[in-house]
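# What the coordinates show
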Amino acid sequence: DKSAAWAKEHLVVMVGHPRSGTTHQHTSLASHPLVASSTMVEAAAPSLWLSSCLGTPNWLLNIFDSKKHRISAEEKLEEHYWLIALFKTDVTCYFLNILEPELLKELDYLDEPDLWFLARCLRRRVFRATRQGKKAYVARPLSITAFLDKLDKYVPDYRVILARREPADAIRSFQALLRVVFPKISSQFLDEIADSHAKMYLDAIPVIAEKRSPCVMEFDDWRKTSKEHPEPLERLLSFSLGDNWEKGTDASLYLADQTEERSTPETEGKKDK
């Protein structure tokens, strides 16, 4: 049974609070030829076969594009975007918020069908990656941070990367991000969402750190990562690839370009003040 050890051998799940550096970490890890990850377009297509036929429909993702919050077809996604089929993502709620803003409060609640669906998607992606000769699939489903114990029912024995940031800074940055993505909704309402969202995440993060033996990446350490100082990325690659990571390899070769932030949330936060 080839499925017996698929997660233990190949699956790495990245969790933590949003605005903790996970986008850059995820993209950098996926730059390694032995690491697989999925893109926005692969998640948007309803099947791997259709995804291959469509190629990269930038015209579709341009619908969600703006100067302040850019979405690239080739961007390494956060896996909760797979739940778009179940009307659970911020992309879907962006269109629904005009009719019913309260739907935004459901963004971070995942029930059993959601987790089962996510697990099936992860399994398909891991199998595809291994057929392509990859040695690790790195998923970034931040939205399951508070539900990680429930995912175990469907996906046992996976490894965990935990991104951490000073709680007050993470919350402030996330509040600013919500104001950018949902400009038509009152700041007070968005702050309420951010506060409840943060509590759920921040309560879960210490438990994960204690019980999961994760590879912990502190935000301040990751910010220091550069071509001259690639040690944090080397630690993530070594953890993800295990014996397939060759010691002495120059990890800076895989450090993704740190382009201008998609939403400049800290700047937006200062403007609001």
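On a predicted model such as this, the values are computed, not experimentally measured, just so you know.

## Focus: the sheet that holds strand β2 (residues 35–36)
Across the sheet, which stays open at both edges, the five strands sit in the order β2-β3-β1-β4-β5 with parallel pairing between neighbours. Where the open sheet ends on each side, the last strands, each with one partner, are β2 and β5 (215–218). Two elements, β2 and strand β3 (residues 136–139), share two bridges in a ladder whose sense is parallel. Of the residues in β3, the one forming a bridge with alanine 36 is tyrosine 137. In the packing of helix α10 (residues 187–211) onto the sheet, the strands contacted are β1 (11–16) and β4 (159–164), and the crossing angle to β4 comes to about 130°.

## Structural notes on the packing of helix α9 (residues 167–181) against α10
Running from N to C, α9 and α10 point in directions that differ by 140°, and their axes come no closer than 9 Å. The angle between the axes of α9 and α10 places the two elements in the oblique class. For the element pair α9 and α10, the recorded crossing hand is right-handed. Residues Pro167, Ile171, Phe174, Gln175, Leu178 and Arg179 of α9 form the contact with α10, whose participating residues are Ser187, Leu190, Asp191, Ile193, Ala194, Asp195, His197, Ala198 and Leu202.

## A few points about the packing of aromatic side chains
Tallying each qualifying case throughout the model produces one aromatic pair. For the ring pair tryptophan 6 and phenylalanine 127, a centre distance of 6.3 Å and an interplane angle of 70° mean the geometry is edge-to-face. With tryptophan 6 in helix α1 (residues 6–10) and phenylalanine 127 in helix α7 (residues 112–131), this residue pair connects regions lying 121 residues apart in the sequence. We classify phenylalanine 127 as partly exposed; its relative accessible area is 25%. Directly above the aromatic system of phenylalanine 219 lies the positively charged group of arginine 165, at a separation of 4.0 Å from the ring centroid.

## A few points about the pairing of β4
Counting buried residues along β4, five of its six residues qualify, which places the element largely inside the surrounding structure. Bridge analysis of β1 against β4 gives five bridges, and the strand direction is parallel. Each bridged residue has a counterpart across the sheet, and for methionine 14 the counterpart in β4 is isoleucine 161. Of the strand pairs in this sheet, β4 and β5 are connected by four bridges, and their pairing is parallel. Following the sheet pairing, leucine 162 is matched in β5 by valine 216.

## Looking at unusual backbone geometry
Of note in the backbone geometry, aspartate 157 takes a positive phi value of approximately 65° without being a glycine. Mapped onto the elements of the fold, aspartate 157 is located in the loop between α8 (148–151) and β4. With relative accessibility at 54%, the residue aspartate 157 sits in the exposed group. Backbone geometry at serine 213 places phi at a positive 50°, although glycine is not the residue there. You can call serine 213 exposed: its relative accessible area is 62%.

## Some words on the side chain of serine 37
The topology assignment puts serine 37 in the loop between β2 and α3 (40–44). Its relative accessible area of 14% is what places serine 37 among the buried residues. There is a polar contact of 2.7 Å between the side chain of serine 37 and the side chain of histidine 26. A polar atom in the side chain of serine 37 sits 3.3 Å from the backbone oxygen of valine 138.

## Brief notes about the nonpolar core
With 25 residues, the main nonpolar core has Leu11, Ile144 and Tyr158 as its most contacted residues. Sorting the residues of this core by element identifies α1, β1, α7, β3, α8, β4 and α10 as the ones contributing at least two each. When residues of this core are assigned to their parent elements, the largest contribution, six residues, is made by α7. Apart from the residues lying within four places of it in its own chain, the contact partners of leucine 11 are Trp6, Leu122, Val126, Tyr137, Ala139, Val155, Tyr158 and Arg159. Listed in part, the 18 residues of the second largest apolar core include Leu29, Ile161, Trp222 and Leu237.

About the thresholds
Throughout this description, residue numbers start from 1 for each chain and increase along the sequence as written. Given that the model is predicted, a residue must reach a pLDDT of at least 70 before its local features are reported, and side-chain atom pairs must reach 80 or more before they are shown or counted; all residues, however, enter totals for whole chains, interfaces and linings. The basis for the side-chain values is all heavy atoms of the structure; hydrogens and waters are excluded. At least two bridges found by DSSP between two strands are what make those strands a pair. Secondary structure elements follow DSSP: runs of H or I of four or more residues count as helices, runs of E of two or more count as strands, with numbering from the N terminus. Throughout, a contact is declared for two residues whenever any of their heavy atoms are within 4.5 Å. Axis geometry follows a simple rule: fit a line to the C-alpha atoms, using only the stretch in contact for helices, then measure angles between N-to-C directions, giving values from 0 to 180 degrees. Orientation is classified from the angle alone, with under 35 degrees giving roughly parallel, over 145 giving roughly antiparallel, 65 to 115 giving roughly perpendicular, and any other angle giving oblique. A clockwise turn of the near helix away from the far one marks a right-handed crossing, whereas an anticlockwise turn of less than a right angle marks a left-handed crossing. Aromatic contacts are taken between Phe, Tyr and Trp rings whose centres are within 6.5 Å, Trp giving its six-membered ring; a plane angle under 30 degrees counts as stacked, one over 60 as edge-to-face, and the others as tilted. Relative accessibility decides the category of a residue: with a 1.4 Å probe and only protein chains considered, values under 20% of the type maximum give buried, values over 50% give exposed, and everything between is partly exposed. Geometrically, a lysine NZ or arginine CZ counts as sitting over a ring once it is within 6 Å of the ring centre and also within 35 degrees of the ring normal. Pairs of N or O atoms are called polar contacts if they sit within 3.5 Å, as long as, within protein, a hydrogen donor faces a hydrogen acceptor (for residues adjacent in sequence, only side-chain-to-side-chain pairs). Only buried residues count toward a nonpolar core, which is a set of Ala, Val, Leu, Ile, Met, Phe, Trp, Tyr and Cys residues joined through side-chain atoms within 4.5 Å.

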